[in-house]
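Below, each chain spelled out in residue letters.
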Amino acid sequence: MWLLLLVTLNYGDAKIPYPHVQDVQLLGIQATKEKCQARVREIKKKAVKQGTPIPKNKELGCLSLNGEEA
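Residues numbered from 1 in each chain as written. Predicted model: local features only at pLDDT ≥ 70, side-chain atom pairs only at ≥ 80, totals over all residues. Heavy atoms only, no water.

Caption draft 1: Spatial organisation of the sheet that holds strand β2 (residues 20-30). If you walk across this open sheet you meet the three strands as β2-β1-β3, and the pairing is antiparallel. Every interior strand has two partners, whereas the edge strands, β2 and β3 (58-64), have only one. Sheet twist, expressed as the mean angle between neighbouring strand axes with direction ignored, is 25°. Along the sheet face, helix α1 (residues 33-49) touches β1 (2-10), β2 and β3 and points at about 170° away from the line of β3. (Pairing = 2+ DSSP bridges. Helix = DSSP H or I, 4+ residues; strand = E, 2+ residues; numbered from the N terminus. Axes fitted to C-alpha atoms, helices over the stretch in contact; angles between N-to-C directions. Contact = heavy atoms within 4.5 Å.)

In structure tokens form, the structure reads like this:
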């Protein structure tokens, strides 16, 4: 099982002057790494097609629930 995550980074503000994770959202659960990575590609492609590309401080990725490497 693989988690599809959207991670929002903060590159520094007055309180924390170094890059850090600001927020993490679970977008879905996929059965395999390949399905998860395919879903990431679909989301990115759809965002560009709609004229709303994903901001640079947001990253989509897959995380294994079983400790497998991505």
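Caption draft 2: Seen up close, the nonpolar core. Core analysis: the biggest nonpolar cluster contains seven residues, these being Trp 2, Leu 4, Leu 6, Cys 36, Val 40, Leu 60 and Cys 62. Those elements that provide at least two residues to this core are β1, α1 and β3. Per-element accounting of this core gives the leading share, three residues, to β1. Not counting chain neighbours up to four residues away, the residues in contact with Val 40 comprise Leu 4, Leu 60, Gly 61 and Cys 62. (Core = buried A, V, L, I, M, F, W, Y, C linked by side-chain atoms within 4.5 Å. Buried < 20%, exposed > 50% of the residue type's maximum accessible area, 1.4 Å probe, protein only.)

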